[in-house]
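What the coordinates show
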Amino acid sequence: MPGYGLYPSRDVRRLRAEFPDHLICELHDETGRPVFTATLVRRCCPCPSDLVTASDPVTLRRALAPQRTTAR
C-alpha cells in the first residue's frame, strides 16, 4: 500500500499561497486519480465547515476564487 507524500506538490503549494484561509490537500481515490480538497481554516460563524472538492487544481482554484460581478 503506497503512503502519502511528505511534501505537497507544486500545484498544492501554489493553491495554498493563493488561498491562505483554506486547508488544501491532494488525496487520491482507489484508482490513484487525484482529488483536491479545500476546507476553511478559521470560521467566522458557527455554521459547519465547507468542503470543496475538485479533480484538478484549475477547477479547485475556480471554485475558491471570489465570484466577480461585472458593472453595467
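Scroll up for the structure.
Presented here is a report on the structure given in the accompanying data block. Quick caveat: nothing in here was measured; it's all calculated off a predicted structure.

Quick notes on the overall build of the chain
Within the chain, the secondary structure is distributed over two helices and three strands. Overall, the chain shows an N-to-C arrangement of helices and strands of α-β-β-β-α. Taking all 72 residues of the chain together, the buried fraction comes to 17%. By sequence separation, contacts in the chain at least 24 residues apart represent 19% of the contacts at least 6 residues apart. With an accessible surface of roughly 6100 Å², the chain has 56% of that area assigned to carbon and sulfur atoms.

Looking at the packing of helix α1 (residues 10-18) against helix α2 (residues 57-64)
Here α1 crosses α2 at 10°, and the two axes come no closer than 11 Å. It follows from the interaxial angle that α1 and α2 lie roughly parallel. Contacts between α1 and α2 involve Asp 11, Arg 14, Leu 15 and Glu 18 from the first element and Pro 57, Leu 60 and Arg 61 from the second. In the contact of α1 with α2, the residues fall into three nonpolar, no polar and four charged.

Details of the pattern of salt bridges
When their charged atoms lie close together, side chains carrying opposite charge are able to pair. What the rule picks out here adds up to two salt bridges. Glu 18 is the salt-bridge partner of Arg 61, the closest N and O atoms lying 2.9 Å from each other. You can see Arg 61 sitting in helix α2 and its partner Glu 18 sitting in helix α1, a full 43 residues away along the chain. A residue is classified by how much of its surface remains accessible, and Glu 18, at 42% relative accessible area, is partly exposed. Residues Asp 29 and Arg 33 are paired through a salt bridge, measuring 3.0 Å at the closest nitrogen-oxygen approach.

Considering the environment of Arg 42
Turning to its location among the elements, Arg 42 is positioned in the loop between β2 (34-40) and β3 (51-54). Given the relative accessible area of 56%, Arg 42 is considered exposed. Taking C-alpha positions, Arg 42 is 6.8 Å from Asp 21, a pair spaced 21 residues apart along the chain.

Overview of the environment of Leu 27
Mapping Leu 27 onto the fold places it in strand β1 (residues 22-28). In this structure the C-alpha to C-alpha distance between Leu 27 and Ser 55, which are 28 residues apart in sequence, comes to 9.9 Å.

What counts and how
Residues numbered from 1 in each chain as written. Predicted model: local features only at pLDDT ≥ 70, side-chain atom pairs only at ≥ 80, totals over all residues. Heavy atoms only, no water. Helix = DSSP H or I, 4+ residues; strand = E, 2+ residues; numbered from the N terminus. Buried < 20%, exposed > 50% of the residue type's maximum accessible area, 1.4 Å probe, protein only. Contact = heavy atoms within 4.5 Å. Areas by Shrake-Rupley, 256 points an atom, 1.4 Å probe, with all protein chains shown as cover. Axes fitted to C-alpha atoms, helices over the stretch in contact; angles between N-to-C directions. Parallel < 35°, antiparallel > 145°, perpendicular 65-115°, else oblique. Nonpolar A, V, L, I, M, F, W, Y, C, P; charged D, E, K, R; others polar. Salt bridge = Lys/Arg side-chain N within 4 Å of Asp/Glu carboxyl O.

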